[in-house]
Amino acid sequence: MVMRRSFSLTTVLIVSSAFGYVFFYFIAPRVAVPFFDGSPASAAYASAPVSVADLYANYDAVTSSKKTRVLIVPGHEPGSGGAEFHGAKEHDMVVEIAQYLQRYMDTQGNYTTIMTRDAFAWNPIFARYFTENKDAIEVWDAAARQSAASLGLDTLPLVDHLSAPTNVALRLYGITKWADENAIDITLHLHFNDHDRPRLSAPGPYSGVAIYVPAQQYDNSATSKAVATSILRRLSMYNPVSNLPEESGGVIEDPQLIAVGAHNTAGSATMLIEYDYIYQPQFANAKVRSLALQDLAYQTYLGVQDFFTRHASTTSTDSYDPSTLYAWRTPVAGVDADPKDTYALQTALLMDGDFPPAGKSLHSCPHSGAFGACTRAAIVTFQKKNAIENENGVGAKTFALLQKIYWKE
Ligand SMILES: [Zn+2]
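None of the values given here were measured: they were computed from a predicted structure.

Student: Looking at this structure, I do not really get the sheet that holds strand E8 (residues 210–214). What am I missing?
Tutor: Spatial ordering of the open sheet is given by E5-E2-E7-E10-E8-E9, a layout of six strands whose pairing is mixed. Strands at the two margins of the open sheet, each flanked by one partner only, are strand E5 (111–115) and strand E9 (251–254). The average angle at which neighbouring strand axes cross in this sheet is 25°, direction not considered. Judged from the four bridges that link them, E8 and E9 form a sheet pairing that is parallel. In the strand pairing of E9, Tyr212 is matched with Ile252. Set on the sheet, helix H7 (residues 221–238) makes contact with strand E7 (186–193), E8, E9 and strand E10 (269–277); between it and E10 the angle comes to about 30°.

Student: Sorry, what's going on with the pairing of E7 here?
Tutor: It is a general feature of regular strands that their side chains alternate between the two faces of the sheet. Across the eight residues of E7, eight count as buried, placing the element largely inside the fold. Of the two faces of E7, the one holding Ile186, Leu188, Leu190 and Phe192 and the one holding Thr187, His189, His191 and Asn193 are both buried throughout. Direction of pairing for strand E2 (residues 68–74) relative to E7: parallel, over a ladder of five bridges. When the sheet's bridge partners are listed, Pro74 is paired in E7 with Leu190. Bridge analysis of E7 against E10 gives seven bridges, and the strand direction is parallel. Paired with Asn193 across the bridge in E10 is Tyr277.

Student: Even after reading the chapter, I still don't get the confidence of the model for the protein, so can you show me in this structure?
Tutor: Caution is warranted with low-pLDDT regions, since their predicted coordinates should not be read in detail. Averaged over all residues, the pLDDT of the protein is 85; the fraction at 70 or higher stands at 84%. Between residues 5–47, whose pLDDT stays under 50, and residues either more than four places distant or in other chains, the model counts 95 contacts.

Student: Just checking my understanding: could you explain the packing of aromatic side chains for this structure?
Tutor: By convention here, two paired aromatic rings are described through the distance between centres and the angle between planes. With the rule as written, the count across this model stands at 20 aromatic pairs. Ring centres of Phe192 and Phe283 lie 4.9 Å apart, and the angle between their planes is 70°; on these two criteria the pair is classed as edge-to-face. One end of the pair, Phe192, is in strand E7; the other, Phe283, is in helix H8 (residues 281–284), with 91 residues separating them in the sequence. As far as the burial class goes, Phe192 and Phe283 line up, both buried. Each residue in the set Tyr56, Tyr59, Tyr111, Phe307 and Phe308 is aromatic and connected to the rest through ring pairs, giving one cluster.

What counts and what doesn't
- Residues numbered from 1 in each chain as written.
- Predicted model: local features only at pLDDT ≥ 70, side-chain atom pairs only at ≥ 80, totals over all residues.
- Heavy atoms only, no water.
- Pairing = 2+ DSSP bridges.
- Helix = DSSP H or I, 4+ residues; strand = E, 2+ residues; numbered from the N terminus.
- Axes fitted to C-alpha atoms, helices over the stretch in contact; angles between N-to-C directions.
- Contact = heavy atoms within 4.5 Å.
- Buried < 20%, exposed > 50% of the residue type's maximum accessible area, 1.4 Å probe, protein only.
- pLDDT = per-residue confidence, 0-100.
- Phe/Tyr/Trp six-rings, centres within 6.5 Å; stacked < 30°, edge-to-face > 60°.

This is the structure in structure tokens:
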């Protein structure tokens, strides 16, 4: 669930419309302050939004002290907020994704990452920043709002989001302000979607991923969209793109989401990823939830990697080794199977092009770890293609062949 801009922040500064835009940058200078890894903030785009060329140049020129700076923002607040469904809590699930994502990025070497919070508390850097800069954030936001209005930038949003309470909104603006001051290259807000349902204990009608980016009239829109498109491309290989009509296409511009720089406040490539809907079966099932979250983190990481590596190389491949996520060692024959093994089987069948089965989609046949008609049909397709006979479910021959092709341990 996402937070829309709040109108209740006090407007404490009136800026002349003629000078509003200039004043915005005076009031929010991207000063070089010590970065979280001890290196100084890059001056390359200290006074302008980051461009695609900036991102490439920075990534390609990586040194031990100068890396691509990624801010990972688990949606909502420690221990509260967000969607819930049958024990699946958005405010904790996004932390789990963030921790996996941080691990993948830090291991790769070109990135330096920071997370705003974990499951229990704000990162002390941000806790202190919110406290010490409360007034400054309001002044900065008021000036930005004024200048955006004077340029006619604000328009109505496409999708109706929840309004953020004032303090929550203030912290969200604070995160953007901090990112601007610390020369962040990419800001990733992580969320799960939800939909108004008559009965909250039953799943809703929509499923799939959507990524919100700044509206096209904002300075960082094109850069954000380029990175978001790359991430969506990866996520959509194993997850459906949202079938909510307003989210069709998967990358949606929004001028009023605080997280993605309402009234032109964000300088980094900024996006809000709605990873599927909270009630999708892979999250309600605690036995497979962590594996599904790790998978989402991995696809996100690969999407960012694609953005940086595909521009320089035509040899990049879309394949990956799913054994890095899970050691699949047991054949899968029916509903009693370990959901993690079934999830691994579905991954292999997805990579093979057999799942979802013909005539079905990832909406009707989710990558869920649940063994049912969808999985059974996909196994039969794989077996027919490979002339495997007399196996009900994944028997020894099917298992050996899938392992040989897709689980390269
Ligand atoms: Zn959310």
